[in-house]
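Commentary on secondary and tertiary structure
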Amino acid sequence: MSDDATLSAFRLADSFLPVGTYTVSYGLEQFTQDDRIDDADDLRELLGTYLRRQVGPAELVALRAAHAAASPGDLDSICEADRRLSAVTLSAEFRESAQQSGDRLLSLQRELQDEDTLERYADRVAAGDAPGNYAVVLGVTTALAGIEVRRACLLCCHGFVTGLLGAAQRLLSLGHTDAQRVLDDLRPVMVEAVDDSADTDLDEMAPFAPLVDVLAAEHERAERRLFAS
């Protein structure tokens, strides 16, 4: 991977990236409100479940498909991956959060890069032909930046975990050292999720974390919410 691609990966993995991920907890808020997680150990187990049962079987599969289709400019395949990811995401809040973050990333990349594929993809999203999910936008973006697909998947996992750790610091008594320890402990799980997604086709995309979906639905009806999801 070239130096430019490496630096692009660093930028996309940075929490400074203005895509709004700090506004979402992907159900973590409801887990804390229901007293289902109390400490770093509980959080580690929950995030491991997310990686193995949702991010790997869904987001990473869609990311891989979008990444493969981006370089040849295959917009139909990109949009197919995008629609499929929304179809298997049960929680309305999760779908909305993913689309809002994807819209921000797509807008940002269009400002920074002069890429025909990005422009044509944005037109398809604007026309309602694709939802513009973050994982799919990330797949397109990383492919066009010369970031290989495995590193793009690891980047996605890292960004997901660091985003939720940021949310956890606001929801739990979680210090910076504990947050870094959880992140370090989850590295093998991220690798596992990436490896498991490698041989999964779009029609096999099947996230399965029932408790997460149930609590996400409860969060939609909560009277007070700190996070959008």
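The structure under discussion appears in the preceding block.
Let us look at the structure shown here.

How each quantity is defined
- Residues numbered from 1 in each chain as written.
- Predicted model: local features only at pLDDT ≥ 70, side-chain atom pairs only at ≥ 80, totals over all residues.
- Heavy atoms only, no water.
- Helix = DSSP H or I, 4+ residues; strand = E, 2+ residues; numbered from the N terminus.
- Rg over C-alpha atoms; globule rule 2.2 N^0.38 Å.
- Buried < 20%, exposed > 50% of the residue type's maximum accessible area, 1.4 Å probe, protein only.
- Contact = heavy atoms within 4.5 Å.
- Areas by Shrake-Rupley, 256 points an atom, 1.4 Å probe, with all protein chains shown as cover.
- Lys, Arg positive; Asp, Glu negative; His and termini not counted.
- Charge placed at Lys NZ, Arg CZ, Asp CG, Glu CD.
- Axes fitted to C-alpha atoms, helices over the stretch in contact; angles between N-to-C directions.
- Parallel < 35°, antiparallel > 145°, perpendicular 65-115°, else oblique.
- Nonpolar A, V, L, I, M, F, W, Y, C, P; charged D, E, K, R; others polar.
- Phe/Tyr/Trp six-rings, centres within 6.5 Å; stacked < 30°, edge-to-face > 60°.
- Expected span 1.5 Å × (residues − 1).
- Core = buried A, V, L, I, M, F, W, Y, C linked by side-chain atoms within 4.5 Å.
- Salt bridge = Lys/Arg side-chain N within 4 Å of Asp/Glu carboxyl O.
- Disulfide = S-S within 2.5 Å.

When its secondary structure is counted, the chain shows 11 helices and 0 strands. In the chain, the order of α-helices and β-strands from amino to carboxyl end is α-α-α-α-α-α-α-α-α-α-α. Taking 2.2 N^0.38 as the reference for a compact globule, 229 residues should give roughly 17 Å; the C-alpha atoms of the chain span a radius of gyration of 17 Å, in line with that estimate. A burial count over the chain gives 49% of its 229 residues as buried. Considering only residue pairs separated by 6 or more positions, the chain has 81% of its internal contacts joining residues 24 or more positions apart. Carbon together with sulfur atoms contributes 46% to the accessible area of the chain, which is approximately 11000 Å² in total. Positive and negative side-chain charges of the chain, numbering 21 and 41 respectively, have mean locations separated by a distance of 2 Å.

This paragraph deals with the packing of helix α5 (residues 92-112) against helix α7 (residues 134-144). Where α5 contacts α7, the axes come no closer than 7 Å and their chain directions differ by 25°. Taken as axis vectors, α5 and α7 run roughly parallel relative to one another. Residues Ala98, Ser101, Gly102, Leu105, Leu106 and Gln109 of α5 pack against Tyr134, Val137, Leu138 and Thr141 of α7. Of the residues that constitute the contact of α5 with α7, the class distribution is 6 nonpolar, 4 polar and no charged.

By the definition in use, this model includes 3 aromatic pairs. Taking 5.2 Å as the distance between ring centres and 65° as the angle between the ring planes, the aromatic pair formed by Tyr26 and Phe94 counts as edge-to-face. Of this pair, Tyr26 sits in the loop between α1 (3-13) and α2 (28-33) while Phe94 is found in helix α5, placing the two residues 68 residues apart along the sequence. Through a chain of ring-to-ring contacts, three or more aromatic side chains come together here, namely Tyr26, Tyr50, Phe94 and Phe160.

Most of α7 sits out of view: 10 of its 11 residues are buried. Listed as buried for α7 are Tyr134, Ala135, Val136, Val137, Leu138, Gly139, Val140, Thr141, Thr142 and Ala143. Looking at the packing, one finds that the buried side of α7 touches α1, α3 (40-70), α4 (75-88), α5, α6 (116-126) and α8 (149-171). Following α7 by one or two positions, Gly146 adopts a phi angle in the positive range, close to 80°.

Okay, α8 next. In a regular helix each residue adds 1.5 Å, so 23 residues correspond to 33 Å; α8 covers 33 Å between its end C-alpha atoms and thus fits that length. Three or more residues of α8 are buried, namely Ala152, Cys153, Leu155, Cys156, Cys157, Phe160, Val161, Gly163, Leu164, Leu165, Ala167 and Ala168. Contact partners of the buried residues in α8: α1, α2, α3, α7, α9 (176-185) and α10 (187-197).

Let us look at the nonpolar core. Leu47, Tyr50, Tyr121 and Val161 are the most contacted members of the largest nonpolar core, which has 76 residues in total. In this structure Leu47 touches Val161, Leu164, Leu165, Val182 and Leu186, once residues within four positions along its chain are discounted.

With that settled, consider the pattern of salt bridges. For the coordinates displayed, the defined rule picks out 12 salt bridges. With a shortest N-O distance of 2.8 Å, Asp116 and Arg120 are connected by a salt bridge. A residue pair is termed a helical-turn pair when its members lie 3 or 4 positions apart in one helix, as Asp116 and Arg120 do in helix α6 at 4 residues. Measuring nitrogen to oxygen at the nearest pair gives 2.8 Å for the salt bridge that ties Asp184 to Arg187. Three or more residues joined by partner-sharing salt bridges are found here, namely Asp76, Arg83, Arg124 and Asp129.

The next thing to look at is the side chain of Ser101. Following the sequence through the fold, Ser101 ends up in helix α5. Contact partners of Ser101, with chain neighbours within four places excluded, come to Val19, Thr21 and Tyr134.

Applying the stated criterion across every chain, the model contains 0 disulfides. No disulfide involves Cys156; its sulfur sits 5.8 Å from that of Cys157, the nearest cysteine. Of the residues examined, Cys156 reaches a relative accessible area of 8% and is grouped as buried. In this structure Cys157 comes out as buried when scored by relative accessible area, which is 0%.

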